[in-house]
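Spelled out, the chains give:
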Amino acid sequence: MAGEQLLLTALMGVLLVAIVALLTRIEDWRSYTPLAGGGAGHAGESGYAHSEKPGGIMRWLTTVDHKDIGMLYGTYAIIALVVGGLMAFLMRIHLTSPEGALFSNSFYNALLTSHGITLLFLFGTPIIAAFANYFVPLLIGADDMAFPRINAIAFWLLPPGALLIWAGFFLEPLTGGAVEAAQTSWTMYTPLSAEQATAGVDLMLLGLHLTGVSATMGAINFIATIFTERGDDVSWANLDIFSWTILTQSALILFAFPLLGSALVMLLMDRNLGTMFFAVENGGTMLWQHLFWFFGHPEVYILVLPPMGLISLIIPKFSGRKLFGFKFVVYSTLAIGVLSFGVWAHHMFSTGMDPRLRASFMAVSLAIAVPSAVKTFNWITTMWNGKIRLTTPMLFCIGFVANFIIGGITGVFLAAVPVDEVLHDTYYVVGHFHYIVMGAIAFAAFAGIYYWYPIFTGKMYQRKLGKWHFWLSMVGTNVTFFAMLVLGYLGMTRRYATYELTVAGAPLDLITLFHQTASVGALILFAGQLIFFWNFISSWLEAPELDDGDPWNLKESGMIDKEFQWHDDRITTAVTDGGSTDENEASSDLRSDGGEEVTADDEAATDGDESTGSVDGEA
């Protein structure tokens, strides 16, 4: 083992030397002078690039442009979504049979561990950073982030972090099984994580530490940017709701992630230096849970607050109304940020803590549902009596609200001590959590991707495929995770690779049926994501360039924001610099449903031609 660790250390040293050697050969580290209000677009956006930007791969390796870095974050997050989603799909197929259909228990445990960490740390946080990096400077009228180079460094810490987290899967066949993937679950509870004798756990902990450092650097940058880089016409009173949620999220990261980093360092020292921070005889197992969940529950709101901001930004655009109760949405965002640090021990109700402490944490856990409910009522009221256009972004927003209500109410049940005593560590918790993570956070991410697709690609996606993506995702999400809620009521314990002997009192055939139902839902969900990737890539490569800076017709309702104004200026600048305005090219706009040519009138609403009346039937 010592020889293998020495070899691994030497390899890492060679890699670092190679990176330093490469960087010393890069001579041009100049930042880029932005154009109209938000930075120069890249060459694929408008047909030109700033003269100081290098071409090819060197551009992406050396860029400090906030939009380029946003694209890098987005690419990274989508890759993580693919990896984590495939892990989940394999686990669902495995669980169609009580004895396990595909692989060994240990490999299932490794997939379970990496699936959770991948989607929470490598997809959830970076996809939010992708939107924030690209659009927050545009929304607030800034030229770029406050610290462009720190912004770039924060991203480039993530790829090695991902490689370290997944390293066990690559190294196991290369080392003949000497280095295995971590099997600790994403919560890394001690003593299991302290005693599991494989270097894969150490690599995973180091990778997690890098992602935490990256998130903290990004949070400092966003706080500094929103405080100091706002345009003269952007005050705290008219700061957009998405930037408010990014600011709150960044504050949470600043307080939560350093604690996780400290706990990871302590665990690494226990594993490798003989310290006893988490020794069982010293009560260290409880210490780990307190440290981890003091980070872990704010992390839930770190992940969900910016998606709430996206929903609050997009719903008014396709309802033809301003966000109802804007100030209350802001206040509820700040309230969630404060209360999120007072609820961590509701994850520990079954550990035997003092009943008085349990009661206090239960009260705060129930109280934090109130600001979330405020947001939900505000979203619904915004749509009420509005002229709703059922575009793909709007469908995903409505799906977000529906799934968030289910996930939120099931969370209120778990916040009550008597209910949690029965349902803790069952599939009910898995169903609740995934309604939030997949049904809400991922849906908001898809809404943001579709809404801003014309800006970062200069093109429009195929709208029929977009709607197929929504409906398959909505059906798949609810079939999969509602089945898990039922499994929890039946007493099915989570994190088990097989379930022949794990459920007392429930018929095995019934348990198997609901596992298979969840797996069918996962198959539907998988099909929906295949459509998304095909639509995303093929539209980017093949769709004609848009010459309209207002693809959603937001000017008519007075709902256009700064990012689309910047987008319109960019298109105008491109035409002035020699871009094409050929009417025939513009009139090919779009075979957006996959090949059927449509007229300008048909496409006027751009994926939103159906305009429902108000909820009570007004035209």
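Residues numbered from 1 in each chain as written. Predicted model: local features only at pLDDT ≥ 70, side-chain atom pairs only at ≥ 80, totals over all residues. Heavy atoms only, no water.

### Let's talk about the packing of helix α11 (residues 284-319) against helix α14 (residues 369-383)
So the rule is basically this: Interaxial angle, 0 to 180 degrees, is taken between N-to-C directions of lines fitted to C-alpha atoms, where a helix line uses only the stretch in contact. Each helix is a run of DSSP H or I of at least 4 residues and each strand a run of E of at least 2, with the numbering of both proceeding from the N terminus. For classification purposes, an angle smaller than 35 degrees is called roughly parallel, one larger than 145 roughly antiparallel, one from 65 to 115 roughly perpendicular, and anything else oblique. Left-handed is the label given to a crossing in which the near helix is rotated counterclockwise from the far helix by less than a right angle, and right-handed is the label when the rotation is clockwise. By definition in these notes, contact holds between two residues if any of their heavy atoms fall within 4.5 Å.
Packing of α11 against α14 leaves a shortest axis separation of 9 Å and a crossing angle of 15°. When the interaxial angle is binned, α11 and α14 end up roughly parallel. Here α11 runs over α14; the crossing is left-handed. Every residue of α14 that contacts α11 at Leu 305, Met 308, Ile 311, Ser 312, Ile 315, Pro 316 and Ser 319 is listed here: Ser 372, Lys 375, Trp 379, Thr 382 and Met 383.

### Here we look at the pattern of salt bridges
The cut-off we apply is this: Throughout this description, the term salt bridge denotes a Lys or Arg side-chain nitrogen within 4 Å of a carboxyl oxygen of Asp or Glu. Exposed residues in this analysis have more than 50% of their type's maximum accessible area, buried residues have under 20%, and partly exposed residues fall in between, with area computed by a 1.4 Å probe over protein chains only.
Per the counting criterion, the structure on display carries 10 salt bridges. Put simply, Arg 356 and Asp 354 hold a salt bridge, and the shortest N to O gap is 2.8 Å. On the basis of relative accessible area, Arg 356 is assigned to the exposed category, the value being 66%. By relative accessible area, Asp 354 is classed as partly exposed at 28%. For the salt bridge of Lys 555 with Asp 568, the shortest nitrogen-to-oxygen distance reads 3.6 Å.

### Things to note about the packing of helix α15 (residues 392-415) against helix α17 (residues 427-457)
Selection rule: Polar here means any residue outside two lists: the nonpolar Ala, Val, Leu, Ile, Met, Phe, Trp, Tyr, Cys and Pro, and the charged Asp, Glu, Lys and Arg; Gly therefore counts as polar.
Two numbers describe how α15 lies on α17: the axes approach to 8 Å, and their chain directions differ by 160°. As judged from the angle between their axes, α15 and α17 are roughly antiparallel. With respect to the hand of their crossing, α15 and α17 are arranged in left-handed fashion. Grouping the amino acids of the contact of α15 with α17 by side-chain chemistry returns 20 nonpolar, 9 polar and no charged.

### Overview of empty space enclosed by the protein
Inclusion rule: Points on a 1 Å grid over protein atoms alone make up a cavity when a 1.4 Å probe fits among them but cannot get out, and a pocket when they form an open set with protein on both sides within 12 Å along at least five of seven lines; lining residues each have an atom within 4 Å of a point. Grid points are joined across faces, edges and corners, and a volume is the space filled by probe spheres set on the points.
Counted under the stated rule, the structure contains 4 cavities of 30 Å³ or more. Tyr 73, Thr 125, Ala 129, Ser 214 and Ala 215 are the residues nearest the centre of the largest cavity, which is lined by 21 residues in total. If you list the elements that add at least two residues to the lining of the largest cavity, you get α5 (105-140), α9 (199-228) and α10 (241-272). Broken down by element, the lining of the largest cavity gets its largest block of residues, 7 residues, from α5. Residue composition of the lining of the largest cavity, by class: 13 nonpolar, 8 polar and no charged. Quantified by volume, the second largest cavity comes out at close to 50 Å³.

### Brief notes about the nonpolar core
As a reminder of what qualifies: Only buried residues count toward a nonpolar core, which is a set of Ala, Val, Leu, Ile, Met, Phe, Trp, Tyr and Cys residues joined through side-chain atoms within 4.5 Å.
Grouped together as the largest cluster of nonpolar side chains are 163 residues, with contacts concentrated most on Phe 121, Phe 400 and Trp 452. Of the residues forming this core, the biggest block, 23 residues, is contributed by α17. With near-sequence residues (within four places) excluded, Trp 452 lies in contact with Phe 131, Phe 135, Phe 242, Leu 310, Leu 313, Glu 563 and Phe 564.

### Looking at unusual backbone geometry
Following Thr 190, the chain continues to Pro 191 via a peptide bond in cis, the omega torsion being 5°. Note on placement: Pro 191 falls in the loop between α7 (158-174) and α8 (192-195). Backbone geometry places Ser 185, a non-glycine residue, at a positive phi of 65°. Secondary-structure assignment places Ser 185 in the loop between α7 and α8. Look at Arg 495: it is not a glycine, yet its phi comes out positive at around 70°. You can see Arg 495 is positioned in the loop between α18 (463-489) and α19 (508-542).

### A few points about the packing of aromatic side chains
Rules: Paired rings are identified among Phe, Tyr and Trp, the last through its six-membered ring, by centres lying within 6.5 Å, and are further divided according to the angle between planes into stacked (under 30 degrees), edge-to-face (over 60) and tilted (the rest). A ring has a charge above it when a Lys NZ or an Arg CZ is no more than 6 Å from the ring centre and no more than 35 degrees off the ring normal.
Inspection of the entire model under this criterion finds 54 aromatic pairs. For the ring pair Phe 443 and Phe 470, a centre distance of 6.2 Å and an interplane angle of 70° mean the geometry is edge-to-face. Of the two residues, Phe 443 is situated in helix α17 and Phe 470 in helix α18; the sequence distance between them amounts to 27 residues. Taken individually, Phe 443 and Phe 470 each receive the classification buried, so the pair is uniform in this respect. Over the ring of Trp 60 we find Arg 59; its NZ or CZ atom is 4.0 Å from the centre of that ring. Over the aromatic face of Trp 236 sits the side chain of Arg 230, whose NZ or CZ is 4.2 Å from the ring centroid.

### Examining helix α4 (residues 66-94)
How we decide: To estimate the expected span of a helix, subtract one from its residue number and multiply by 1.5 Å. We define a polar contact as two N or O atoms separated by no more than 3.5 Å, with the added condition that, inside protein, one atom must be a possible hydrogen donor and the other a possible acceptor, whereas residues neighbouring each other in sequence contribute only through side-chain atom pairs.
If you check α4, its first and last C-alpha atoms are 42 Å apart, about what 29 residues at 1.5 Å a residue would give, namely 42 Å. A distance of 3.0 Å separates the backbone nitrogen of Lys 67 from a side-chain oxygen at the start of α4, and that oxygen is part of Asp 65.

### Some points on the side chain of His 432
As for its position among the elements, His 432 is in helix α17. On the basis of relative accessible area, His 432 is assigned to the buried category, the value being 17%.

### What to know about helix α12 (residues 326-339)
Quick note on the threshold: Think of it as the arc spanned by the lines of direction from the helix axis to the C-beta atoms.
In this model α12 runs 20 Å from its N-terminal to its C-terminal C-alpha over 14 residues, within 8% of the 20 Å that 1.5 Å per residue would give. Residues Val 329, Val 330, Ser 332, Thr 333, Ile 336 and Gly 337 constitute the buried set of α12. The buried residues of α12 occupy one face: seen down the axis, they fall within an arc of 165°. Turned more than 90 degrees off the buried face of α12, the exposed positions are Lys 327, Phe 328, Tyr 331 and Val 338. Lining the buried residues of α12 we find α10, α11 and α14.

### Concerning a nonpolar patch on the surface
Applicable threshold: Patch membership is restricted to residues that have no salt bridge and whose relative accessible area is over 30%. Joining uses 9 Å for like charges and 5 Å for the nonpolar side chains Val, Leu, Ile, Met, Phe, Trp and Tyr. Methods summary: accessible areas were calculated by the Shrake-Rupley approach with a probe of 1.4 Å, and residue burial reflects only the protein chains presented.
Residues Phe 377, Ile 380, Ile 405, Ile 409, Phe 413, Val 419 and Tyr 489 make up a contiguous nonpolar surface patch of roughly 650 Å² in combined accessible area. Among the elements of the structure, α14 and α15 are those that each provide at least two residues to the nonpolar patch. It is α15 that provides the largest number of residues to the nonpolar patch, a total of 3 residues. One can find Val 419 in helix α16 (residues 417-423). On the basis of relative accessibility, which here comes to 31%, the residue Val 419 falls in the partly exposed class.

### Some words on the environment of Phe 227
Within the secondary structure, Phe 227 is located in helix α9. The sequence separation of Phe 227 and Leu 247 amounts to 20 residues, and the corresponding C-alpha distance is 9.1 Å. In this structure, Phe 227 is in contact with Trp 236 and Leu 247, ignoring residues within four places of it in sequence.

### Some details on the confidence of the model for the chain
The test is simple: A residue's pLDDT is the confidence the predictor assigns to it, expressed on a 0 to 100 scale.
For the chain, per-residue confidence averages 85 on the pLDDT scale, and residues scoring 70 or more make up 83% of the total. The lowest-confidence element of the chain is helix α2 (residues 43-46), averaging 36 in pLDDT; the highest-confidence one is α18, averaging 96. Low pLDDT (under 50) marks residues 23-51, which in the prediction has 70 contacts with non-local residues, meaning those over four places away or in another chain. This model gives residues 608-619 a pLDDT under 50, and the stretch forms 24 contacts once residues within four places in sequence are excluded.

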